[in-house]
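# Chain and residue survey
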Amino acid sequence: MSVFERFLSPINARALARSVTHRAGAGGSPATLLRHIEATSVFFVPIDKREALIEAARQLLGPEIPATAPVGGLERISISGVAVPNTSALSAAGTDVLGPTVAIRMEADLNEARLVARQMCQQVGLQGFAAQKFVTAVSELARNVAKYACPGRVAFSHDAVGRRLRVVVSDRGTGIPNLDAVLDGKYRSKTGMGLGLVGTRKLVDEFDAQTGATGTTIAIAVKY
Ligand SMILES: Nc1ncnc2c1ncn2[C@@H]1O[C@H](COP(=O)(O)OP(=O)(O)OP(=O)(O)O)[C@@H](O)[C@H]1O
Ligand SMILES: [Mg+2]
């Protein structure tokens, strides 16, 4: 906690500590603990402070522990190189910590989006049907990007204070011209069941869609 509080607000420091001890268990070695701090800090620590926090934790737990690749594999997720603007109207709330971003360039990228969604659930302890709903929502939105508006991206973030996972799916396609009809369930799709967006909205706690001729941004959040 003394290390975490040097880099984070007390509430985020506590959330990180709780999450690390939850994942590492009671009898973990310092090296195990450090690896869990490396992995879990993705969700709590702003990117510019993360390296310094991990180094400070390493100094405390055992400077001899080699700096390793984080467990959990989140770091191997490619960061989007797709140039999609971060729409300020929908940018995450002040307490959010940005997680991974997955570029959607082709159908195969949907697997990566689903994988990260599942990992986010694991990190915060969201399980069962609740986790399945979240993964399905992310999958539907990413699938629409792949189908209608490629390329785009899926950006994950975590609000530890509000206990929410948040996802912003954005693209620079030609927009959804009849969004109101789609969300009212009045739209008949030529390309699918036409239930992706209506279904997604039912699966999540927060849903916000912005669309226009220069692209679409859909933000969702689930509580845990
Ligand atoms: N990101 C997007 N960019 C442009 N158009 C989109 C986008 N997402 C959805 N659409 C349009 O909105 C319609 C409704 O999308 P929705 O996901 O609800 O249904 P669907 O994709 O047609 O079918 P399903 O998802 O059930 O297979 C689509 O048919 C498509 O025309
Ligand atoms: Mg769809």
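Scroll up for the structure.
Let me begin by describing the structure that accompanies this report. (Residues numbered from 1 in each chain as written. Chains lettered and ligands numbered in written order. Predicted model: local features only at pLDDT ≥ 70, side-chain atom pairs only at ≥ 80, totals over all residues.)

### Things to note about helix H4 (residues 47–61)
For H4, with 15 residues, the first-to-last C-alpha span of 22 Å sits near the 21 Å given by 1.5 Å per residue. Those residues of H4 not exposed but buried are Leu-53, Ile-54, Ala-57 and Arg-58. All buried residues of H4 fall inside an arc of 135 degrees around its axis, so they share one side. Exposed side chains of H4 directed beyond 90 degrees from the buried face belong to Asp-48 and Gln-59. Positive backbone phi, approximately 155 degrees, marks Gly-62, located one or two places after H4. (Helix = DSSP H or I, 4+ residues; strand = E, 2+ residues; numbered from the N terminus. Expected span 1.5 Å × (residues − 1). Buried ≥ 20, exposed ≤ 12 C-beta atoms within 10 Å, placed from the backbone. Arc of directions from axis to C-beta.)

### Here we look at the site of ligand 1
Neighbouring ligand 1 are 21 residues, the closest being Asn-144, Ser-189, Gly-192, Met-193 and Gly-196. Among the elements of the structure, helix H6 (128–148) and helix H8 (196–203) are those that each provide at least two residues to the shell around ligand 1. The dominant element in the shell around ligand 1, judged by the number of residues it contributes, is H6, at 4 residues. (Near = placed C-beta within 6 Å.)

### Observations regarding the nonpolar core
Ranked by internal contacts, the top residues of the largest apolar core, which has 34 residues, are Ala-113, Phe-134, Val-138, Ala-142, Val-154 and Val-167. Put simply, the parts of the chain that give this core at least two residues each are strand S1 (96–104), helix H5 (109–124), H6, strand S2 (152–159), strand S3 (164–171) and strand S5 (215–223). Top contributing element to this core by residue count: H6, with 8 residues. Not counting residues within four places of it along the chain, the set of residues in contact with Val-154 comprises Thr-101, Val-102, Ile-104, Ala-113, Val-138, Ala-142, Val-167 and Val-169. Judged by nonpolar contacts, the second largest core, of 21 residues, contains Ala-13, Leu-33, Val-45 and Ala-57. (Core = buried A, V, L, I, M, F, W, Y, C linked by C-beta atoms within 7 Å. Contact = placed C-beta atoms within 7 Å.)

### Things to note about H6
Along its 21 residues, H6 runs 30 Å from first to last C-alpha, staying within 8% of the 30 Å computed at 1.5 Å per residue. For H6, the full list of buried residues reads Ala-131, Phe-134, Val-135, Ala-137, Val-138, Glu-140, Leu-141, Ala-142, Asn-144 and Val-145. Buried positions along H6 lie against S1, H5, S2, S3, H8 and S5.

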